[in-house]
Amino acid sequence: MLDEQAKKTILRKIPHGLYICGVKEGEEVNGFTASWVMQASFKPPLVVNCVKQDSRSHAMIKSSGVFVLSFLEAGQKDLAQKFFQPQRRVGNKFDDVEFYLGETGCPIISEALGYVECRVVGAVEQGDHTVYVGEVIAAGTHREGEPLLLESTGWQYGG
Ligand SMILES: Cc1cc2nc3c(=O)[nH]c(=O)nc-3n(C[C@H](O)[C@H](O)[C@H](O)COP(=O)(O)O)c2cc1C
């Protein structure tokens, strides 16, 4: 039988960064705080991004086939906090956040360290999150800096 407590304790030791995943559907933009992100191939450059199936962003990625990951800097906890609220509760999260649209039309956070823009090339819809495999089709750096790590925030997402 699965030891639930052991599973939770050990899975929470997986290190994570924090990102704002920017999404779009038609003219509408949205975004959410993401942590279940990693690199998955050098050639072609692929990343995986696991997205909660009942979120608004999930529906938007599913219909548009694109997303962008903006990399947060250590200290940008306020931005992460803003974007983990669901759009259906707080409305437009980009109202008072500076952003610009990338090649994909997805919103990039101007204050982030940099970003990768992705086109979805695969999806595994198992459990409560979809594992989106994204091919990196554009990337940019805004400035140098240390990334924001989930472990430094005291928050948990996992286990
Ligand atoms: C620390 C933290 C990490 C998170 N990581 C993820 C993640 O990797 N994938 C995901 O789908 N949701 C993640 N979330 C939850 C989303 O940010 C949350 O469901 C958001 O409200 C979705 O917004 P939307 O409904 O506007 O798309 C995380 C939340 C927190 C607090």
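The shown structure was predicted, so the numbers you read here are calculated from the model rather than taken from an experiment.

A.B. asks: I'm lost on the pattern of salt bridges in this one. Help?
C.D. replies: It is possible for side chains of opposite charge to pair when their charged atoms get near one another. If you walk through the whole model with that rule in mind, you get eight salt bridges. Of the charged contacts, one joins glutamate 4 and lysine 7 as a salt bridge, the two residues approaching to 3.4 Å between their closest N and O atoms. In this pair, glutamate 4 and lysine 7 are both assigned in helix H1 (residues 4-11), three residues apart and thus about one turn of the helix distant. Classification of lysine 7 by relative accessible area gives partly exposed; the value is 25%. Three or more residues joined by partner-sharing salt bridges are found here, namely Glu25, Glu28 and Arg56.

A.B. asks: Would you mind going over the site of the ligand with me for this structure?
C.D. replies: Around the ligand lies a shell of 22 residues, among which Trp36, Lys52, Ser57, Gln87 and Lys93 are the nearest. Contact between the ligand and threonine 33: an oxygen atom at 3.0 Å from a main-chain N or O atom of the residue. One of the backbone N or O atoms of cysteine 50 is found 2.9 Å from a nitrogen atom in the ligand. Alone, the ligand offers 650 Å² of accessible surface; in the complex the protein occludes 94% of this. If one sorts the elements of the shell around the ligand by residue count, strand E2 (residues 28-34) sits on top with four residues. Its residues assigned to classes, the shell around the ligand shows 11 nonpolar, eight polar and three charged.

A.B. asks: Got a minute to help me understand the sheet that holds strand E9 (residues 129-141) in this structure?
C.D. replies: One open sheet accounts for seven strands, arranged E2-E1-E5-E8-E9-E4-E3; its pairing is antiparallel. Edge positions in the open sheet fall to E2 and strand E3 (37-41), since each of these has one partner strand only. When the angles between neighbouring strand axes are averaged without regard to direction, this sheet yields 35°. Of the strand pairs in this sheet, strand E5 (residues 66-71) and strand E8 (residues 114-126) are connected by six bridges, and their pairing is antiparallel. Residue pairing for E8: valine 68 is matched across the bridge by glutamate 117. Lying over the sheet, helix H2 (residues 56-64) contacts strand E1 (19-25), E2, strand E4 (46-52), E5, E8 and E9, oriented at roughly 55° with respect to E1.

A.B. asks: What is the right way to read the UniProt feature "domain: Flavin reductase like" (unreviewed entry) in the protein from this model?
C.D. replies: Within this structure's numbering, the places UniProt gives as "domain: Flavin reductase like" (unreviewed entry) are residues 11-157. The straight-line gap between the two end C-alpha atoms of residues 11-157 is 10 Å; of that span, 17% is helix and 44% is strand.

A.B. asks: Please clarify how the nonpolar core should be interpreted in this entry.
C.D. replies: Side chains of a nonpolar character, in soluble globular proteins, are inclined to be buried together. With 16 residues, the main nonpolar core has Cys21, Ile61, Phe67 and Leu69 as its most contacted residues. Elements represented by at least two residues in this core include exactly E1, E2, E4, H2, E5, E8 and E9. In this structure, isoleucine 61 is in contact with Cys21, Val23, Val51, Val66, Phe67, Val120 and Tyr132, ignoring residues within four places of it in sequence. With 13 residues, the next largest nonpolar core counts Leu72, Phe83, Leu148 and Leu150 among its residues.

A.B. asks: Sorry, what's going on with the side chain of glutamine 87 here?
C.D. replies: Here glutamine 87 is to be found in helix H4 (residues 87-90). Under the relative-accessibility criterion, glutamine 87 is labelled buried at 17%. Among the polar contacts made by the side chain of glutamine 87, one reaches the side chain of arginine 56 at a distance of 3.5 Å. Not counting residues within four places of it along the chain, the set of residues in contact with glutamine 87 comprises Glu28, Val29, Asn30, Arg56 and Lys93.

Calculation criteria
Residues numbered from 1 in each chain as written. Predicted model: local features only at pLDDT ≥ 70, side-chain atom pairs only at ≥ 80, totals over all residues. Heavy atoms only, no water. Salt bridge = Lys/Arg side-chain N within 4 Å of Asp/Glu carboxyl O. Helix = DSSP H or I, 4+ residues; strand = E, 2+ residues; numbered from the N terminus. Buried < 20%, exposed > 50% of the residue type's maximum accessible area, 1.4 Å probe, protein only. Near = heavy atom within 4 Å. Polar contact = N/O pair within 3.5 Å; in protein donor to acceptor, adjacent residues only side chain to side chain. Areas by Shrake-Rupley, 256 points an atom, 1.4 Å probe, with all protein chains shown as cover. Nonpolar A, V, L, I, M, F, W, Y, C, P; charged D, E, K, R; others polar. Pairing = 2+ DSSP bridges. Axes fitted to C-alpha atoms, helices over the stretch in contact; angles between N-to-C directions. Contact = heavy atoms within 4.5 Å. UniProt positions renumbered as here; feature names shortened; annotations may be inferred. Core = buried A, V, L, I, M, F, W, Y, C linked by side-chain atoms within 4.5 Å.

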